[in-house]
Amino acid sequence: MSALEADVLIQGAGPAGACAALNLAPFRRVLLLDRQPAPPRRIGESLPPAARRLLADMGLWDDFLRQGHRPCHGNRSVWGGLAAEQDFLRDPDGHGWHLDRARFELWLRQQAVERGAALLAPASAAAVAAEDSGWRVTLRTPAGPRQVHARVLIDAGGRAATLARKLGARRQPGDRLVCGWLYGHDRGEADNGLSRIEAAEHGWWYSAALPDRQRVLAFHTDADLAAARRLREPGWLVDAAARLPELGALLHRTGFAAAMPAELAAAHSARTSPAAGPGWFAVGDAALSFDPLSSQGLFNALYTGLAAAEAADGSLNGDAAAVADYQRALDAIGAAYRRHLDAWYGEERRWPTATFWRRRQPA
Ligand SMILES: Cc1cc2nc3c(=O)[nH]c(=O)nc-3n(C[C@H](O)[C@H](O)[C@H](O)COP(=O)(O)OP(=O)(O)OC[C@H]3O[C@@H](n4cnc5c(N)ncnc54)[C@H](O)[C@@H]3O)c2cc1C
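A brief look at the structure comes next. (Residues numbered from 1 in each chain as written. Predicted model: local features only at pLDDT ≥ 70, side-chain atom pairs only at ≥ 80, totals over all residues. Heavy atoms only, no water.)

**What about the packing of aromatic side chains?**
Working step 1: Enumeration over the complete set of coordinates arrives at 18 aromatic pairs.
Working step 2: When the ring of Trp 205 is compared with that of Trp 236, the centres are 6.3 Å apart and the planes differ by 25°; the resulting orientation is stacked. Residue Trp 205 is located in strand E15 (residues 203-210), and its partner Trp 236 is located in helix H6 (residues 236-242); the two are separated by 31 residues in the primary sequence. In this pair, the class of Trp 205 matches that of Trp 236, namely buried.
Working step 3: These aromatic residues form a ring-pair network of at least three members: Trp 61, Phe 64, Trp 97, Phe 104 and Trp 107.
Working step 4: A cation over an aromatic ring shows up here: Arg 360 above the ring of Tyr 345, its NZ or CZ 5.2 Å from the ring centre. (Phe/Tyr/Trp six-rings, centres within 6.5 Å; stacked < 30°, edge-to-face > 60°. Helix = DSSP H or I, 4+ residues; strand = E, 2+ residues; numbered from the N terminus. Buried < 20%, exposed > 50% of the residue type's maximum accessible area, 1.4 Å probe, protein only. Lys NZ or Arg CZ within 6 Å of the ring centre and 35° of its normal.)

**Some words on helix H9 (residues 322-346)**
Working step 1: In this model, H9 (25 residues) spans 36 Å end to end at C-alpha, consistent with the 36 Å of a helix rising 1.5 Å per residue.
Working step 2: The complete set of buried residues in H9 reads Ala 322, Val 323, Tyr 326, Gln 327, Leu 330, Gly 334, Tyr 337, Leu 341, Tyr 345 and Gly 346. (Expected span 1.5 Å × (residues − 1).)

**Some points on the site of the ligand**
Working step 1: Taken together, the neighbourhood of the ligand is formed by 31 residues, with Asp 34, Arg 42, Arg 101, Asp 285 and Leu 298 sitting nearest.
Working step 2: Contacts to the ligand include Ser 46, whose backbone N or O atom sits 2.8 Å from a nitrogen atom.
Working step 3: Bound to the protein, the ligand loses 93% of the 1,000 Å² it would expose on its own.
Working step 4: Looking at the shell around the ligand, the elements that each hand over two or more residues are helix H1 (15-24) and helix H8 (297-316).
Working step 5: With three residues, the top contributor of residues to the shell around the ligand is H8.
Working step 6: Grouping the constituent residues of the shell around the ligand by class yields 11 nonpolar, 14 polar and six charged. (Near = heavy atom within 4 Å. Polar contact = N/O pair within 3.5 Å; in protein donor to acceptor, adjacent residues only side chain to side chain. Areas by Shrake-Rupley, 256 points an atom, 1.4 Å probe, with all protein chains shown as cover. Nonpolar A, V, L, I, M, F, W, Y, C, P; charged D, E, K, R; others polar.)

**Digging into the pairing of strand E1 (residues 4-11)**
Working step 1: Within E1, six of the eight residues are buried, leaving the element largely enclosed by the surrounding structure.
Working step 2: Relative to strand E11 (residues 146-155), E1 is paired through seven bridges, and the arrangement is parallel. Within E11, the position partnered with Leu 4 by the bridge is Val 148.
Working step 3: Judged from the four bridges that link them, E1 and strand E2 (residues 30-33) form a sheet pairing that is parallel. Bridging from a neighbouring strand, Val 8 pairs with Val 30 of E2.
Working step 4: Traced from E1 through H1 to E2, the parallel crossover comes out right-handed. (Pairing = 2+ DSSP bridges. Right-handed = clockwise from strand over helix to strand, strands pointing away.)

This is the structure in structure tokens:
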């Protein structure tokens, strides 16, 4: 069987990969791969107001509004002993969103296909070898192996960054944060559309109301701490949240009832180094993974998907600076993220002897 030909092969059709694909597809032959035939149910649904500008730049805003996601009007936190509310009333971009995440991802994939990308799912890159004019990639598909010749590769495969690592990049984790989470339903009083964050002795909690009276509930701690062993226990998350002063009262008011067993997700900060090289780019979590406290992961996925699409197009046009420029932009994002994260964690000083918080205090 002859090899498939692509200008750009993108591994991972999550938010970052789909964005890279939909921005390149009108100009280049794009092959988008994902090991999942359809986006699975996953935590990660807060989209900040500034995402509006990116969606508008990519020509997606009007269609996004038709998807029926839920407005998020701000955040209410109990952090450092203070209860604070930050609404988006004065934000020039308006409110943010609490997405139906699977619907959002499916829509982005469809946009990439409508703009001309070829989508192969399930499929993933089993082996990669450099060739004169790009890369020879052996795909693993249900119908057996397929060969692709691609001029540029984009790793959009999320935290595992398997493609970038095949190309020699190293993954550098910054901490051991994990998250136990579940979805359920609100049966009582309506929610006011705020994200909730509450610090506790061994980590921090998050909850938000989602479309269709669904709610997500999550607890974040370090993988090696005793609290992490409880994250998968049925009922533990709900019972522990019910005892929190603020979140417990909210869950009581909204009549929250869990609708699935708890799931575990890696949530640590990490970076891939380098995140780009001659003929390849890493985007989204595959380049830079954020602590969910930042609520910036999706924004970063959309932004780097767009930036890497421009850089890949530049490289294909012979722009010798495209790779270094992209890497510099990522370094700046990584440095700003680190500063903000240290400042946020540094504000919570109520449990100076608890390992989770001690690890996050400034030296
Ligand atoms: C607990 C938690 C809560 C979060 N909450 C938020 C939030 O509220 N707001 C926010 O903005 N961000 C949040 N995030 C972060 C956000 O989910 C990520 O930053 C975002 O999903 C990154 O998008 P991505 O496309 O880079 O990667 P992913 O979303 O991980 O997508 C990667 C895609 O690649 C595919 N893939 C993986 N490996 C392969 C392979 N070998 N071959 C083929 N395909 C492959 C996967 O199937 C997937 O479709 C949260 C993260 C966590 C862990």
